[in-house]
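Read off the chains here:
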Amino acid sequence: MSAALPVLYSFRRCPYAMRARLALAASETVVEHREVLLRDKPAEMLAASPKGTVPVLVLPDGQVVEESLDIMRWALGHHDPRGWLTAGDAMFDLVAINDGPFKQALDRYKYPNRYDGEDALENRARGLEILTALEARLAGSAFLCGEAMSLADAAIFPFVRQFAHTDREWFARQALPHLQAWLAAHLASPLFTGVMQKYPVWTANRETDGAALRVAPS
């Protein structure tokens, strides 16, 4: 493996890792992809980022980028052929709501046993309120910040996916036609299916090839 490649520690099903991979693919950045098990984190990842969560991007100069949104900004700041960073400040306001109150409601809805005293259905209702606001935006445009996909769409839809998959039948019954269509289109896109390919779990003893997280033909 060339030492010149950035190294990405990732976990396939983590929504934070998904959005980092999406931005790396959209920016046509080639990385060495190291798939990890969260219950058995490699020492190399923990040495780079003691917080122990994915994604973690280790750059060739040793710099560590250890937050998914920072990885997205780093990748797109170097190359943004799809114009994901051109939507303005509104996209970061939407991401802040997603990463704050929506993620809090999502966790307490999906994993109620982890949160004593929290009611799953009450948190589902809180999450639905936020999704209803996204529905209103999507009723007026194809994407969250206009007629072209932006960082906001890529950063948010993996979490909407997780919310929807918690109870798919219930989600399908909700009055969210534009949001449901938006989510379905992202899930079926070559970009998403490309970054959801499966990798063997990385170990330091395994000879691995670099994973080119490139954009598939659209």
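Residues numbered from 1 in each chain as written. Predicted model: local features only at pLDDT ≥ 70, side-chain atom pairs only at ≥ 80, totals over all residues. Heavy atoms only, no water.

## Some points on the pattern of salt bridges
- Summed over the entire model, instances satisfying the criterion amount to six salt bridges.
- A salt bridge links D99 to R19, with the nearest nitrogen and oxygen atoms 2.8 Å apart. Here D99, found in helix α4 (residues 90–110), pairs with R19, found in helix α1 (residues 15–26); they are 80 residues apart in sequence, far enough to count as distant.
- A salt bridge links R126 to E122; the nearest nitrogen and oxygen atoms lie 3.9 Å apart. A residue pair is termed a helical-turn pair when its members lie 3 or 4 positions apart in one helix, as R126 and E122 do in helix α5 (residues 120–140) at four residues.
- For E122, a relative accessible area of 46% corresponds to the partly exposed category. (Salt bridge = Lys/Arg side-chain N within 4 Å of Asp/Glu carboxyl O. Helix = DSSP H or I, 4+ residues; strand = E, 2+ residues; numbered from the N terminus. Buried < 20%, exposed > 50% of the residue type's maximum accessible area, 1.4 Å probe, protein only.)

## Remarks on unusual backbone geometry
- Across the junction of V54 and P55, the peptide omega takes the value 0°, indicating a cis bond.
- Relative to the elements of secondary structure, P55 occurs in the loop between α2 (43–48) and β3 (56–58).
- At E28, a residue that is not glycine, the phi angle is positive and equals roughly 60°.
- Looking at where E28 falls in the secondary structure, it is placed in the loop between α1 and β2 (30–35).

## Re α5
- Its 21 residues place the ends of α5 31 Å apart at the C-alpha level, agreeing with the 30 Å of an ideal helix rising 1.5 Å per residue.
- Residues N123, R124, G127, L128, I130, L131, L134, E135 and L138 constitute the buried set of α5.
- Those residues of α5 that are buried are in contact with α4, α6 (151–166), α7 (168–173) and α8 (177–188).
- N-capping of α5 is provided by D119, with a side-chain oxygen placed 3.0 Å from the backbone N of L121. (Expected span 1.5 Å × (residues − 1). Contact = heavy atoms within 4.5 Å. Polar contact = N/O pair within 3.5 Å; in protein donor to acceptor, adjacent residues only side chain to side chain.)

## What to know about the packing of aromatic side chains
- By the definition in use, this model includes eight aromatic pairs.
- Between Y16 and F159 the ring centres are 4.9 Å apart and the planes differ by 75°, which places this aromatic pair in the edge-to-face class. Of the two residues, Y16 is situated in helix α1 and F159 in helix α6; the sequence distance between them amounts to 143 residues.
- Here the aromatic rings of F157 and F192 are separated by 5.3 Å at their centres, their planes lie at 70°, and the arrangement is edge-to-face. Of this pair, F157 sits in helix α6 while F192 sits in helix α9 (residues 190–195), and the two are 35 residues apart along the sequence. (Phe/Tyr/Trp six-rings, centres within 6.5 Å; stacked < 30°, edge-to-face > 60°.)

Purely spatial values, then, with no claim about function.
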